[in-house]
Amino acid sequence: GIPEPENRVDFYPHQFSGGQRQRVMIAMAIALKPDILIADEPTTALDVSVQAQILDLLRDLQRETGMALIMITHDLEVAASMADRIIVMNGGKVVETGIAKDVFSNPQHAYTRRLISALPHGNAAEAPNKRSTTIAGEILLKVEHLTKHYVLASGAFTSKRTFKAVDDINFEVRRGETLGIVGESGSGKSSVARMLLGLNEPSAGKAVFAGENIFEMNGKRLMAFRRKVQMVFQDPYGSMNPRMRVYSIISEPWVIHRDILPKNRWKTRVAELLELVGLLPEHAGRYPHQFSGGQRQRIAIARALASEPELIVCDEAVSALDVSIQAQVIDLLADLRTRLSLSYIFITHDLPIVRHFADRIMVMKDGRIVEEGQTSALFGAPRHEYTQSLLQAVPRPKWLTQA
Ligand SMILES: Nc1ncnc2c1ncn2[C@@H]1O[C@H](COP(=O)(O)OP(=O)(O)OP(=O)(O)O)[C@@H](O)[C@H]1O
Ligand SMILES: [Mg+2]
């Protein structure tokens, strides 16, 4: 499902979007025609439509080759749609095992029950949510004509070609507001985030934050901006120095911005932040590789909070977490939003989560905004065809779809 495959076989991994990288990995694994395929969160970074495509592919392969599949996932809907049998793990132990249908319809263990009840999904559409109640704040960020072209082939004989990853988009974020950005894999979501954080140069356009164009800032202004706007990445492992302990990772902003916190308070504050994201104070002494993916994601959130930002850009920040922790982290983010008037740009392929958390939603496709609106209006009556198809692509339990 990757566009322009002929041109892209020569790409380096960083030239793919997060979801595209994932699909390259799956293609590599499948090419070997294995007897058993162990897939560890294979569709976590993918939007629902691509996810459905991959899951179909895996199912077809199974039918044709009789391949066994061990599917490790925190996504209960994916598990339900793929598995014949389910094993539920918690704290390193198997707490429940059984036929998928039985486990879902009649969970025995308290943890399983908690997982199933924490599902933000289902028909309870306009059920209680974590959106802000009032968004009357001033405009914090105003993005105008933001554009990103990547240069593709530029070999000796091939002419230079460009690819429009982000194509002239406009939007704004108010103080205390959460803007959700959804869209299929490769639609340009991470590219927008990376430009706003100054990690990628825009090809055109501007982004005004608190009255100043981000792309023209330098020196002191840029330092101040870097403190006020934080990002939680899709792949937190790539953004953490593997040789730094968690303590140093979280306290790094205080080294750079001396006025945030006096040094004698660092230790307590690191412990507080770890507890805030559901980890333990003693985790401060460990290295990033000693954590699970979801735990690393929470460390990244703790670090983002350490610099006391005004805007946090979350790129698939909770996608790798299991639903009960997801709910916990969303609650935490929502609580901070109210207490500190934080704003969020919340990028995700998980529609139930943005529905629960975002005040306003922007739908991207091929680098453009195809639809935008208040969350309840957008989910209630999606206008664009692509938005409608996204809403319909949620996986269904295997036991309901099998003859
Ligand atoms: N450095 C690069 N060089 C060339 N193309 C790139 C580069 N980085 C990203 N792209 C392309 O730009 C497009 C948008 O990528 P982006 O990472 O913004 O997508 P995304 O919406 O975040 O997708 P996902 O949901 O999979 O994370 C993709 O087609 C990607 O392959
Ligand atoms: Mg991305």
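How each quantity is defined
- Residues numbered from 1 in each chain as written.
- Chains lettered and ligands numbered in written order.
- Predicted model: local features only at pLDDT ≥ 70, side-chain atom pairs only at ≥ 80, totals over all residues.
- Heavy atoms only, no water.
- Pairing = 2+ DSSP bridges.
- Helix = DSSP H or I, 4+ residues; strand = E, 2+ residues; numbered from the N terminus.
- Axes fitted to C-alpha atoms, helices over the stretch in contact; angles between N-to-C directions.
- Buried < 20%, exposed > 50% of the residue type's maximum accessible area, 1.4 Å probe, protein only.
- Parallel < 35°, antiparallel > 145°, perpendicular 65-115°, else oblique.
- Contact = heavy atoms within 4.5 Å.
- Nonpolar A, V, L, I, M, F, W, Y, C, P; charged D, E, K, R; others polar.
- 1 Å grid on protein atoms, 1.4 Å probe; cavity = no way out; pocket = protein on both sides within 12 Å on 5 of 7 lines; lining within 4 Å.
- Points joined across faces, edges and corners; volume = space filled by probe spheres on them.
- Left-handed = near helix turned anticlockwise from the far one by under 90°.
- pLDDT = per-residue confidence, 0-100.
- Arc of directions from axis to C-beta.
- Phe/Tyr/Trp six-rings, centres within 6.5 Å; stacked < 30°, edge-to-face > 60°.
- Lys NZ or Arg CZ within 6 Å of the ring centre and 35° of its normal.

## Remarks on the sheet that holds strand E12 (residues 343-347)
As a general point, the strands of a sheet are linked pairwise by backbone hydrogen bonds and lie either parallel or antiparallel.
And step 1. Reading across the sheet, the six strands line up as E10-E11-E12-E7-E13-E14 and stay open at both edges, with mixed pairing between neighbours. The sheet is open, and its two edges are formed by strand E10 (229-232) and strand E14 (368-374), each paired on a single side. For this sheet the average axis-to-axis angle between neighbouring strands, irrespective of direction, equals 15 degrees.
And step 2. Strand direction decides the pairing type here: strand E7 (residues 178-183) and E12, joined by four bridges, are parallel. Counterpart to glycine 180 in the pairing with E12 is phenylalanine 346.

## A few points about the pairing of strand E11 (residues 311-315)
And step 1. Counting buried residues along E11, five of its five residues qualify, which places the element largely inside the surrounding structure.
And step 2. Side chains Leu311, Val313 and Asp315 of E11 all project onto a buried face; the interleaved residues Ile312 and Cys314 project onto the opposite face, where all are buried too.
And step 3. Pairing of E10 with E11 involves four bridges; the strand directions are parallel. Within the sheet, the bridge partner assigned to valine 232 lies in E11 and is cysteine 314.

## Quick look at the packing of helix H11 (residues 293-306) against helix H12 (residues 323-340)
And step 1. Here H11 crosses H12 at 5 degrees, and the two axes come no closer than 12 Å. It follows from the interaxial angle that H11 and H12 lie roughly parallel. Here Arg298, Ile301 and Leu305 of H11 lie close against H12, whose contacting residues are Ile325, Val329, Leu333 and Leu336.
And step 2. Each residue belonging to the contact of H11 with H12 can be placed in one class, and the counts come to six nonpolar, no polar and one charged.

## A look at the pairing of strand E13 (residues 360-365)
And step 1. For E13, the tally of buried residues reaches five of six residues, placing the bulk of the element in the interior.
And step 2. Where E7 lies against E13, five bridges are found, and the strand directions are parallel. Opposite isoleucine 181, over in E13, you have methionine 362 as the bridge partner.
And step 3. Linkage of E13 to E14, two consecutive antiparallel strands, is achieved through a turn of two residues, within which aspartate 366 is found at a positive phi near 45 degrees.

## Overview of empty space enclosed by the protein
And step 1. Evaluation of the coordinates by the stated rule reveals two cavities of 30 Å³ or more.
And step 2. Estimates place the volume of the second largest cavity at around 40 Å³.
And step 3. The wall of the second largest cavity is formed by Val182, Leu351, Ile361, Val363, Leu378, Phe379, Thr387, Leu390 and Leu391.
And step 4. Elements supplying a minimum of two residues to the lining of the second largest cavity: E13, helix H14 (375-380) and helix H15 (385-392).
And step 5. No other element matches H15, which puts three residues into the lining of the second largest cavity.
And step 6. Grouping the constituent residues of the lining of the second largest cavity by class yields eight nonpolar, one polar and no charged.

## Topic: the packing of helix H9 (residues 246-256) against H11
And step 1. At a minimum axis separation of 7 Å, H9 and H11 run at an interaxial angle of 25 degrees. With respect to H11, the axis of H9 lies roughly parallel. In this structure, H9 meets H11 at a crossing whose hand is right-handed. On H11, the residues that touch Val246, Ile249, Ile250, Glu252, Pro253 and Trp254 of H9 are Ile299, Ala302, Arg303 and Ala306.
And step 2. Residue composition of the contact of H9 with H11, grouped by class: eight nonpolar, no polar and two charged.

## Details of the sheet that holds strand E8 (residues 204-209)
And step 1. Ordered in space as E6-E5-E8-E9, the four strands form an open sheet in which the pairing is antiparallel. One side of each edge strand has no neighbouring strand; the edge strands of this open sheet are strand E6 (162-174) and strand E9 (212-213).

## A short note on the confidence of the model for the protein
Detailed reading of the predicted coordinates is not advisable wherever pLDDT is low.
And step 1. With 88% of its residues at a pLDDT of 70 or more, the protein shows a mean pLDDT of 84.
And step 2. In the model, residues 122-126 has pLDDT below 50 throughout and makes four contacts with residues more than four positions away in sequence or in other chains.

## Brief notes about unusual backbone geometry
And step 1. With a phi close to 50 degrees, histidine 145 is a non-glycine residue in the positive phi region.
And step 2. Locating histidine 145 in the fold gives a position in strand E5 (residues 139-151).
And step 3. Take histidine 145: its relative accessible area is 44%, and that puts it in the partly exposed class.

## Comments concerning helix H6 (residues 110-117)
One turn of an α-helix holds 3.6 residues; hence residues three or four places apart share an orientation.
And step 1. Every buried residue of H6 is accounted for by Tyr111, Thr112 and Leu115. The buried side chains of H6 occupy one side of the element, clustering within an arc of 100 degrees when seen end-on.
And step 2. Next to the buried residues of H6 lie helix H4 (76-82), strand E3 (85-90), strand E4 (93-99), helix H5 (100-105) and H12.

## Re the packing of aromatic side chains
And step 1. Summed over all chains, the structure comprises four aromatic pairs.
And step 2. Ring centres of phenylalanine 209 and phenylalanine 225 lie 5.5 Å apart, and the angle between their planes is 80 degrees; this geometry places the pair in the edge-to-face category. Pair noted here: phenylalanine 209 is in strand E8 and phenylalanine 225 is in helix H8 (residues 219-228), with a separation of 16 residues, a long-range link. Summarising the burial analysis for this pair, phenylalanine 209 and phenylalanine 225 share the class buried.
And step 3. Members of the aromatic cluster, each reached through a chain of ring pairs, are Tyr344, Phe346 and Phe357.
And step 4. The ring of phenylalanine 291 carries the charged tip of arginine 286 above its face, separated from the ring centre by 5.1 Å.

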